[in-house]
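Coordinate inspection notes
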Amino acid sequence: MGVLGADLTLKRLVLGQMAVNCYIIASKKTKKAFIIDPGDDFLDIKKYLDDNKLEAEFIIQTHGHIDHIAALKEFDLPIYIHELDKDYLTDGARNLSGFMGEPFELKGKEVKILKDNQVLEFGGNILKILHTPGHTPGGISIILDNAAFTGDTLFASGIGRTDFPGSSTDALIKAIKEKLFTLDDGVVIYPGHGEPSTIGREKKENPFFE
Ligand SMILES: [Zn+2]
Ligand SMILES: [Zn+2]
C-alpha cells in the first residue's frame, strides 16, 4: 500500500507569510474532500478544489494558531478542533493574531470538538485523532493509513515552539515519544511547516531526541 489508500489523493498547498502546509485529501471515486489547516489564501484553496472538481466536506485543525486558521472565515464547512484549542478560534490573543494588529475572531461557524483517540470517517477511510499537546494545549495529529499529519508538533528535524502562553516542552516531548514514535517507522509525517519525513527518520535523526 502507498502512503494513502488507493482511492485517496493528497495535495499540499503552502500558504501565507508563515508558509503553512495546508493539506487537501480527496476521494478519486466520490470527489469529496477534506482540508487540514486552511491557514491563508482562501482563493488558492478554492482554485485547487474547483480545478479538480472537488467538494470539501469538512475542515480539521491540527491546532488553533492564526497561521493555520486564517482562511476559516471564508468557508462554510464544519470545523473540527480539539476541545482544548476551541477557544483559539474566537480569541485573538490565544491564536496570536492580536500581535499582528488584526485580531482574528471566528463567529457563526459550526465547530465540532475532537478528543484523544477519536475516529472520524471519510468515505470508508478512518481518520484517527491523537492528542499531541505541547505546542498548544489542544494540538492534535491526524493518522490516515500510513500518513500522520502532525501540525506544529513534529517537523522534519524539528519540534514545535513551546514559548507561547499555554505551551509545554515537557508535554510536547512526551506526546511525540509516546504517541508518534510508537507508530510504524514507515509512517510518513506531513508537518504544519516544511517538508515531509518519516517516523523512522525522525526517531533516528531529530536532534531533539538523542
Ligand atoms: Zn502553531
Ligand atoms: Zn504553524
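A short tour of the structure in this document, coming up.

The strand order β1-β2-β3-β4-β5-β6 describes an open sheet built from six strands, whose pairing is mixed. Looking along the sheet, the strands with just one partner apiece sit at the ends: β1 (8–15) and β6 (111–114). Pairs of neighbouring strands in the sheet enclose a mean axial angle of 25°, with direction left out of account. In the sheet, β1 pairs with strand β2 (residues 20–27) via eight bridges, with the strands oriented antiparallel. Counted as the bridge partner of R12 is Y23 from β2. The strands touched by helix α1 (residues 42–51) are β1, β2, β3 (32–36) and β4 (55–60); relative to β1, the strand with the most contacts, the crossing angle is about 155°.

Below, the discussion takes up unusual backbone geometry. Its identity as a non-glycine residue notwithstanding, D37 has a phi of 55°, on the positive side. Among the secondary structure elements, D37 is positioned in the loop between β3 and α1. Phi is positive for N117, which is not a glycine, with a value near 70°. Take N117: it is sitting in the loop between β6 and β7 (119–122).

Ranked by internal contacts, the top residues of the largest apolar core, which has 49 residues, are C22, I25, A33, I35 and I142. Tallying contributions element by element places β2 first for this core, with six residues. Ignoring anything within four residues of it in the chain, the contact list for I35 reads C22, I24, I45, A56 and I59.

As a further point, take the environment of K31. With respect to the helices, strands and loops of the structure, K31 is situated in the loop between β2 and β3. Sequence spacing of K31 and L8 is 23 residues, and the spatial spacing of their C-alpha atoms is 9.5 Å. Every residue in contact with K31, bar those within four places of it in the chain, is listed here: A26, K53, L54 and E55.

For the rest of this paragraph, the subject is the sheet that holds strand β8 (residues 125–131). Strand order in this open sheet of six strands is β7-β8-β9-β10-β13-β14, and the pairing throughout is mixed. The open sheet has two edge strands with one neighbour each: β7 and β14 (197–198).

The next thing to look at is the pairing of β3. Burial runs high along β3: four of the five residues are buried. Bridge count for β2 against β3 is four bridges, and the pairing is antiparallel. Note that in β3 the partner of I24 across the bridge is I35. Counted between consecutive antiparallel strands, the loop separating β2 from β3 contains four residues, among which K31 sits at a positive phi close to 65°. The sheet contact formed by β3 and β4 spans five bridges and is parallel.

The rules behind these values
Residues numbered from 1 in each chain as written. Chains lettered and ligands numbered in written order. Predicted model: local features only at pLDDT ≥ 70, side-chain atom pairs only at ≥ 80, totals over all residues. Pairing = 2+ DSSP bridges. Helix = DSSP H or I, 4+ residues; strand = E, 2+ residues; numbered from the N terminus. Axes fitted to C-alpha atoms, helices over the stretch in contact; angles between N-to-C directions. Contact = placed C-beta atoms within 7 Å. Core = buried A, V, L, I, M, F, W, Y, C linked by C-beta atoms within 7 Å. Buried ≥ 20, exposed ≤ 12 C-beta atoms within 10 Å, placed from the backbone.

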